[in-house]
Amino acid sequence: MALTRQCLCRPLQYTFFLSSSSYTTLPRRLGRVWPRSLSHATTLSVSKATSPSVQWEGLAKNCLDPEVSEILKKKLENLGMDTDICIPGQYNHLLCPICKGGDSEEKSLSIFVTEDGGSALWMCFRAKCGWKGSTTAFADSRSSFGLKKITKLKNIREITMENLQLEPLCDELVGYLAERSITEGTLQRNGVMQKRYGDQIAIAFTYWRNKMLVGCKYRDVNKKFWQEADTEKIFYGLDDIQGKSEIIIVEGEMDKLAMEEAGFFNCVSVPDGAPPSVSSKELPPEEKDTKYQYLWNCKEYLQQASRIILATDGDLPGQALAEELARRLGRERCWRVKWPKKNEVDHFKDANEVLMNLGADVLKEVIENAELYPIRGLFNFRNYFDEIDAYYHRTHGCEFGIPTGWRSLNELYNVVPGELTIVTGVPNSGKSEWIDALLCNLNESTGWKFALCSMENKVRDHARKLLEKHIKKPFFNASYGGSAERMTVEDLENGKQWLSDTFYLIRCEDDSLPNIKWVLDLARAAVLRHGVRGLVIDPYNEIDHQRSANQTETEYVSQMLTKIKRFAQHHSCHVWFVAHPRQLHQWVGGPPSMYDISGSAHFINKCDNGIVIHRNRDPEAGPLDRVQVCVRKVRNKVAGTVGDAFLSYNRVTGEFMDLGLPSGNEKK
């Protein structure tokens, strides 16, 4: 049987050719690497003139020994395969004798029998089975079930320095490694040898467990690697971490040797390099974790370590390897290194590069300054020092919040990115109008953009209200406008452009009620796509609040407000949430309390700012256009304090003004 390597579409693609004169055991790779056509096998039509059994029997003409094909046929039948429907020389689909094709009884077993009838290989392509194997007429069958305990099914070879024909390093290789700052003493201590392949020489890194040789990995001067087959996967340098409470894990054997040059003997290297990226799948059980089987094979060594420094390469695969190791070892006992800068843009890649370019002292300093491996949700203030410095020096410009545009209110309330403001008030008190006026002021002073989820407003009515505040003219010639000049067509066109540039609408196009998740998902898209800095949800009772039967309204409101606050903080987006008070049976005309909001006291407990908008309805108490802005809660004392501000409402344009100032002259 001859084995050829073909560089077709992908590297390491193998094709197998079985000659009619060969009935020897298929090579070891046959059980793991399948011909390209086998993994994409299709059902082939069978000639009506000749049955499969007749075709099988006709193979005797191609065999040196007519009994060979019959022996193979019997062996396959003993394994449960129906050879009567199996055509030699082709890929055939059979019912898998192990999984029976599952509930659908699909013919998931793909089997190939050579034309001479002397050899066969097969694989079940059902994900829950994966049975595969190979056999010849005069050899034992080899099979396995997917990935289940695959390392335990494999026969581990016993190897020695003699049967591997390893030799001491020649002067040429010693010189080559010396150029990489690895001394001869370190090479001898770690049993680094060489092996000859014709006129080629490769470096041999020997793998030891309890002073017994268990594996060997080779590297040529072109940095091509290969390993001895059927040997146990363990760390390189495993005996060096026996009984150690602190260990270092690197990505390659050269890095392990480099660490030793810097004085770190408690170091091991992974045997198989790094993955291209972090797996998105759940962590597999030990027996199925084949890529990282070396971890489980060495777990008794790792269990003793309370501090594990991950000094993998600084590229993306190296970072992915660090994450995969941390997932399995436990992030709480892992540290990571930051390789020093090579120039303004790049960093050194690994330990050996640092040793060669900066020396052993710098490499030692890098390891000693290893940082705690990040654990999601667990931080140190050190992680936020840059943000704290920027806050102290006010480099962002909004540390005290954005002024509202009304002089009397700026001492009490300022708009801080990432906070939640609850706005309430009795019906027809001007809550929505005041928020719209605030948004216009913020856009004028800072250029902020906003997402509006305003279910009580028709789009055209909401546009009219915003345009009147922005242009400071009535939309219509109507009685509410009195003698004021109506906005012109040119004003309207400019205003429409302003609306388009400033606001994005979150609306449910059908008759269903949106829930809070739907609103926040669209708001998140508006933040990321359009740079929105503020979100208005108006009002609470227009959102679908379905909850489970065992959840109280108080519990639901608490959970809902937590989601809104997390959205605001994560996206640095201020959220205004309008919530109506419950029915006030003994209301005497004064502003309601934040605790009067229908649903739960959590509205004031969990918000950053609580504001009550109240309009005067008693002519004897003062002007009817006077609006009281009651700031009832300010969590951030830097941005304001509790108190009342009074504004004047212009019914013609919808503007709010400081008392005593004419329209359009409010102080910013």
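Because the structure is predicted, anything quoted here is derived from the model rather than measured.

A. Fine view of the overall build of the protein. Each helix and strand counted, the protein has 19 helices and 25 strands in total. Each of the 668 residues in the protein was classed as buried or not, and the buried ones make up 47%. Long-range pairs, those at least 24 residues apart, make up 62% of the contacts in the protein between residues at least 6 apart in sequence.

B. Spatial organisation of the pattern of salt bridges. A full pass over the atoms with the stated rule returns 30 salt bridges. Glutamate 246 is the salt-bridge partner of arginine 307, the closest N and O atoms lying 3.2 Å from each other. Linking arginine 307 in strand β14 (residues 307-311) with glutamate 246 in strand β12 (residues 246-250), this pair joins segments that are 61 residues apart in sequence. On the basis of relative accessibility, which here comes to 19%, the residue arginine 307 falls in the buried class.

C. View of the pairing of strand β24 (residues 643-649). As defined by bridge partners, strand β23 (residues 626-634) adjoins β24 across six bridges and the pair is classed as antiparallel. Bridge pairing in β24 places arginine 626 opposite serine 648. Bridge analysis of β24 against strand β25 (residues 656-658) gives three bridges, and the strand direction is antiparallel. Paired with serine 648 across the two strands is methionine 657, which belongs to β25. Where β24 hands over to β25, the hairpin turn is made up of six residues, of which glycine 654 adopts a positive phi near 80°.

D. Representation of the sheet that holds strand β16 (residues 371-372). In space, the five strands of this open sheet follow the order β13-β12-β14-β15-β16, with mixed pairing throughout. This sheet does not close on itself; its edge strands, each paired only once, are β13 (267-269) and β16. Running over the sheet, helix α9 (residues 316-329) touches β12, β14 and β15 (334-336) and is turned about 165° from β14.

E. Quick look at the nonpolar core. Judged by nonpolar contacts, the single largest core of 60 residues is most densely connected at Phe235, Met259, Leu310 and Leu363. Ranked by the residues each element gives to this core, the list is headed by α9, at five residues. The residues touching leucine 363, leaving out its near neighbours within four places in the chain, are Ala258, Met259, Ala262, Trp339, Ala351, Val354 and Leu355. In terms of nonpolar packing, the next biggest core, distinct from the first, is built from 37 residues, Leu438, Cys440, Trp498 and Val536 among them.

F. Molecular detail of the sheet that holds β23. Here nine strands make up an open sheet; going across it, the order is β19-β18-β20-β21-β17-β22-β23-β24-β25 and the pairing mixed. The sheet terminates laterally at β19 (503-505) and β25, the two strands that pair on one side only. The sheet shows a mean angle of 25° between the axes of neighbouring strands, taken without regard to direction. Where strand β18 (residues 450-454) and β19 come together, three bridges link them in parallel fashion. Paired with alanine 451 across the bridge in β19 is tyrosine 504. Contacting β17 (420-424), β18, β19, β20 (534-538), β21 (574-578), β22 (609-615), β23, β24 and β25, helix α14 (residues 431-446) crosses the sheet at an angle of about 165° to β21. Contacts from helix α17 (residues 516-530) reach β18, β19 and β20, with the element oriented near 155° to β20.

G. The arrangement of the packing of helix α6 (residues 253-261) against helix α10 (residues 351-358) in detail. Contact geometry of α6 with α10 gives a least axis separation of 7 Å together with a crossing angle of 45°. Classified by the angle their axes make, α6 and α10 are oblique. Here α6 runs over α10; the crossing is left-handed. Between α6, through Met254, Asp255, Ala258, Met259 and Glu261, and α10, the contact on the second element is made entirely by Ala351, Asn352 and Leu355. Considering only residue class, the contact of α6 with α10 consists of five nonpolar, one polar and two charged.

H. Molecular detail of the side chain of glutamine 628. Relative to the helices and strands, glutamine 628 is located in strand β23. A residue is classified by how much of its surface remains accessible, and glutamine 628, at 15% relative accessible area, is buried. Within the structure, the side chain of glutamine 628 is placed 2.9 Å from the side chain of aspartate 644, a separation counted as a polar contact. Once you skip the residues sitting within four places of it in the chain, glutamine 628 turns out to touch Pro591, Val612, Ile613, His614, Asp644, Ala645 and Phe646.

The rules behind each value
- Residues numbered from 1 in each chain as written.
- Predicted model: local features only at pLDDT ≥ 70, side-chain atom pairs only at ≥ 80, totals over all residues.
- Heavy atoms only, no water.
- Helix = DSSP H or I, 4+ residues; strand = E, 2+ residues; numbered from the N terminus.
- Buried < 20%, exposed > 50% of the residue type's maximum accessible area, 1.4 Å probe, protein only.
- Contact = heavy atoms within 4.5 Å.
- Salt bridge = Lys/Arg side-chain N within 4 Å of Asp/Glu carboxyl O.
- Pairing = 2+ DSSP bridges.
- Axes fitted to C-alpha atoms, helices over the stretch in contact; angles between N-to-C directions.
- Core = buried A, V, L, I, M, F, W, Y, C linked by side-chain atoms within 4.5 Å.
- Parallel < 35°, antiparallel > 145°, perpendicular 65-115°, else oblique.
- Left-handed = near helix turned anticlockwise from the far one by under 90°.
- Nonpolar A, V, L, I, M, F, W, Y, C, P; charged D, E, K, R; others polar.
- Polar contact = N/O pair within 3.5 Å; in protein donor to acceptor, adjacent residues only side chain to side chain.

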